[in-house]
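Here is how the chains run, residue by residue.
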Amino acid sequence: MSSYVTFTVDDGLYGVDVQRVQEALRAHARTRVPLAPEGVAGLVNLRGQVVLTVDLRPRLGLAAVSDEDEQMMVVVQVSGETVSLLVDEIGDVVDVPADRVEAPPDTLDPAIRPLIRAACTLEGRLLLVLDVDEAAAA
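Predicted model only: the values in this text are computed from it and were never measured.

1. Here we look at the nonpolar core
Counting 26 residues, the largest nonpolar core has F7, V16, L56, V76 and L130 as the members making the most contacts within it. Going through the elements one at a time, β1 (2-9), β2 (12-17), β6 (72-78), β7 (81-87), β10 (116-122), β11 (125-130) and α2 (132-136) are the ones with two or more residues in this core. Element by element, the count of residues in this core is highest for β6, at four residues. Ignoring any residue separated from it by four or fewer positions in sequence, one finds F7 in contact with G12, L13, Y14, G15, V16, L56, V74, V87, E89, I90, G91 and L130.

Here it is, written out as structure tokens:
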């Protein structure tokens, strides 16, 4: 059995291993980082800790949201560092039996395939399991 924290970006349902997640929060004000790659949304102050924020939309080949759209942050641990991932909406924690975890589908866009570790069939929906290390390497 695997447990994933789920979230949506655009119409897609994604998940990350629950053991990698520190917390989920409303997005904080970010400080832009000059000359940063497109996926770096900036830095946030998370209770005194400066945390890199990665916008998953460009990493997933999706259009940016407007500044008025409220996003959420999934705060994860990557190689001992705290990184926040910008997402549209936080979902639930789901437990998925091992027999429902499969390789990513062949129809997945090759550009985002390195970001997806697995796919899980849930009731009426496909959950794509994010490779947190790859996603945070903006």
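From this point, the narrative continues.
2. Considering the pattern of salt bridges
Tallying each qualifying case throughout the model produces five salt bridges. For R26, the salt bridge is made with E70, and the minimal N-O distance between the two is 2.7 Å. In this pair, R26 is assigned in strand β3 (residues 21-26) and E70 in the loop between α1 (56-59) and β6, connecting sequence segments 44 residues apart. Using a relative accessible area of 55% as the deciding quantity, one classes R26 as exposed. Where R57 meets D88, a salt bridge forms, and the shortest distance between an N and an O atom there is 2.7 Å. Of this pair, R57 sits in helix α1 while D88 sits in the loop between β7 and β8 (89-96), and the two are 31 residues apart along the sequence. With a relative accessible area of 7%, R57 lands in the buried category. Shared partners join several salt bridges into a network, and the residues in it are D10, R57 and D88.

3. Structural notes on the sheet that holds β8
Taken in spatial order, the six strands line up as β8-β1-β2-β11-β10-β9 in an open sheet, and their pairing is mixed. Every other strand in the sheet has two partners, leaving β8 and β9 (101-102) as the edge strands with one partner each. In the sheet, β9 pairs with β10 via two bridges, with the strands oriented antiparallel. If you follow E102 over to β10, its bridge partner there is A119.

Reading guide: rules and limits
- Residues numbered from 1 in each chain as written.
- Predicted model: local features only at pLDDT ≥ 70, side-chain atom pairs only at ≥ 80, totals over all residues.
- Heavy atoms only, no water.
- Core = buried A, V, L, I, M, F, W, Y, C linked by side-chain atoms within 4.5 Å.
- Buried < 20%, exposed > 50% of the residue type's maximum accessible area, 1.4 Å probe, protein only.
- Helix = DSSP H or I, 4+ residues; strand = E, 2+ residues; numbered from the N terminus.
- Contact = heavy atoms within 4.5 Å.
- Salt bridge = Lys/Arg side-chain N within 4 Å of Asp/Glu carboxyl O.
- Pairing = 2+ DSSP bridges.

Such coordinate-based values are descriptive only and should not be taken to indicate function.
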